[in-house]
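Architecture and fold: a report
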Amino acid sequence: KFEELPQLEGNNEVASLVRSLNRMLHRLESAWQTQTRFLLDASHELRTPVTAILGHVGYLMRRTQLTPQQRESLEVVAREGERMRKLVGDLLELSQTGGWRVELGSVHIPTVLYEIQEEYGRSFEGRIEVEAPDNLWAVGDPERLHQVIANLVSNAIKANSTQIRLVARDLSERLVIRVEDNGEGIPPEHLPHLFERFYRVDKARDRERGGSGLGLAIVRSIVEAHGGSVWVESEPGKGSVFSVSLKRAEAPQPELAG
Ligand code: ADP
């Protein structure tokens, strides 16, 4: 929500300036809401046809009497349909988190990091290490923060890393979580744009990997909804470090009995 300026009494120039500024804020607010609403509705509406297409392609592919060319065509439709399904899902996510619908509570950061280590450790051939102080809590929404770190880890894996470290540090008022990888790194000219919607470093290669370029835009919008920030440092050939800074929370008090 945009904050309105306090109304001033009287009919002087300052009071009338404040009134027109407030009218302008009002219009900005409603334009912004219309845009968010449109993105949400459009992505929501696109989901149904995509699901139907994928369902029917799946049915056709299970039939045995197909020529190799027919099978190949269907596989293309299935692959592109899957890509579209992911894109629509990302758009929906982005329009939902584009606002500030996060449920802020206390999140135990080591738990989030160990869960992700466990989740991705299974299928990833490299190593994922966690380094986090035991008693570290952030102001946040556990589901959303999990999504943020999972997104960064999945990017690190896609960058051909063999070693990923999840490091959390207590900075008294705030805390920082770093996702460090030894993957291919990112050329410096791309760094300022990385968190933009649909931005991809290498369009052709990232398409192959099924990326939409929305992952980091989602990461940023979630982190900002937490009043936090996210940034990247990277060196081509050496690896990348994505850092997320969040407000620190006190450990929740145990419920007193009685
Ligand atoms: P996507 O959703 O397609 O994965 P992202 O917004 O997550 O897109 O990432 C944007 C671009 O940044 C991608 O082109 C990806 O190649 C690059 N990128 C993101 N994380 C890393 C990383 N850890 N190492 C190298 N490149 C990365």
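Under an unreviewed UniProt entry, the name given to the protein is histidine kinase, and the source organism is Meiothermus granaticius NBRC 107808. Its UniProt record gives the protein the following Catalytic activity (unreviewed entry) comment, quoted word for word: "ATP + protein L-histidine = ADP + protein N-phospho-L-histidine." On record in UniProt, under Subcellular location (unreviewed entry), the comment for the protein is "Membrane".

1. A short note on the overall build of the protein
Looking only at helices and strands, one finds six helices and seven strands in the protein. Starting at the N terminus and ending at the C terminus, the protein contains elements arranged as α-α-β-α-β-β-α-β-β-α-α-β-β. Computed over the C-alpha atoms, the radius of gyration of the protein is 23 Å, more than 25% above the 18 Å expected from 2.2 N^0.38 for a compact globule of 258 residues. The C-alpha extent of the protein, read off along each of the three principal axes, is 80 × 55 × 45 Å. Put simply, the protein has 258 residues, and 37% of those count as buried. By sequence separation, contacts in the protein at least 24 residues apart represent 68% of the contacts at least 6 residues apart. Treating the 32 positive side-chain charges of the protein as one cloud and the 38 negative ones as another, the clouds have centres 6 Å apart.

2. Some details on the confidence of the model for the protein
In the predicted model, the protein carries a mean pLDDT of 89, and the fraction of residues at 70 or more is 96%. Across the protein, the element-wise mean pLDDT spans from 73 in helix 5 (residues 203–208) up to 98 in strand 5 (residues 174–181). Reported for the predicted complex are a pTM of 0.77 and an ipTM of 0.97.

3. Observations concerning the nonpolar core
If you look at the biggest cluster of nonpolar residues, it comprises 43 residues, and the most contacted ones within it are Ile109, Leu113 and Leu166. The element contributing the most residues to this core is helix 4 (residues 142–158), with seven residues.

4. Points about helix 6 (residues 215–225)
A large share of helix 6 lies buried, amounting to nine of its eleven residues. Within the sequence span of helix 6, burial applies to Gly215, Leu216, Ala217, Ile218, Val219, Ser221, Ile222, Val223 and Ala225. Directly after helix 6, the chain includes Gly227, whose backbone phi takes a positive value near 70°.

5. Digging into the pairing of strand 7 (residues 239–249)
Most of strand 7 sits out of view: nine of its eleven residues are buried. Relative to strand 7, strand 3 (residues 137–140) runs antiparallel, the two sharing two bridges. Its bridge partner being in strand 7, Ala138 is matched across the sheet by Arg248. Across seven bridges, the pairing between strand 5 and strand 7 is antiparallel. Across the sheet, Arg174 pairs through a bridge with Lys247, a residue of strand 7. As judged from the seven bridges shared by strand 6 (residues 229–235) and strand 7, these two strands associate in the antiparallel manner. Each bridged residue has a counterpart across the sheet, and for Val230 the counterpart in strand 7 is Val244. The antiparallel pairing of strand 6 with strand 7 creates a hairpin that spans three residues between the two strands, and Gly237 there sits at a positive phi of about 85°.

Rules used in this analysis
Residues numbered from 1 in each chain as written. Predicted model: local features only at pLDDT ≥ 70, side-chain atom pairs only at ≥ 80, totals over all residues. Heavy atoms only, no water. UniProt positions renumbered as here; feature names shortened; annotations may be inferred. Helix = DSSP H or I, 4+ residues; strand = E, 2+ residues; numbered from the N terminus. Rg over C-alpha atoms; globule rule 2.2 N^0.38 Å. Buried < 20%, exposed > 50% of the residue type's maximum accessible area, 1.4 Å probe, protein only. Contact = heavy atoms within 4.5 Å. Lys, Arg positive; Asp, Glu negative; His and termini not counted. Charge placed at Lys NZ, Arg CZ, Asp CG, Glu CD. pLDDT = per-residue confidence, 0-100. Core = buried A, V, L, I, M, F, W, Y, C linked by side-chain atoms within 4.5 Å. Pairing = 2+ DSSP bridges.

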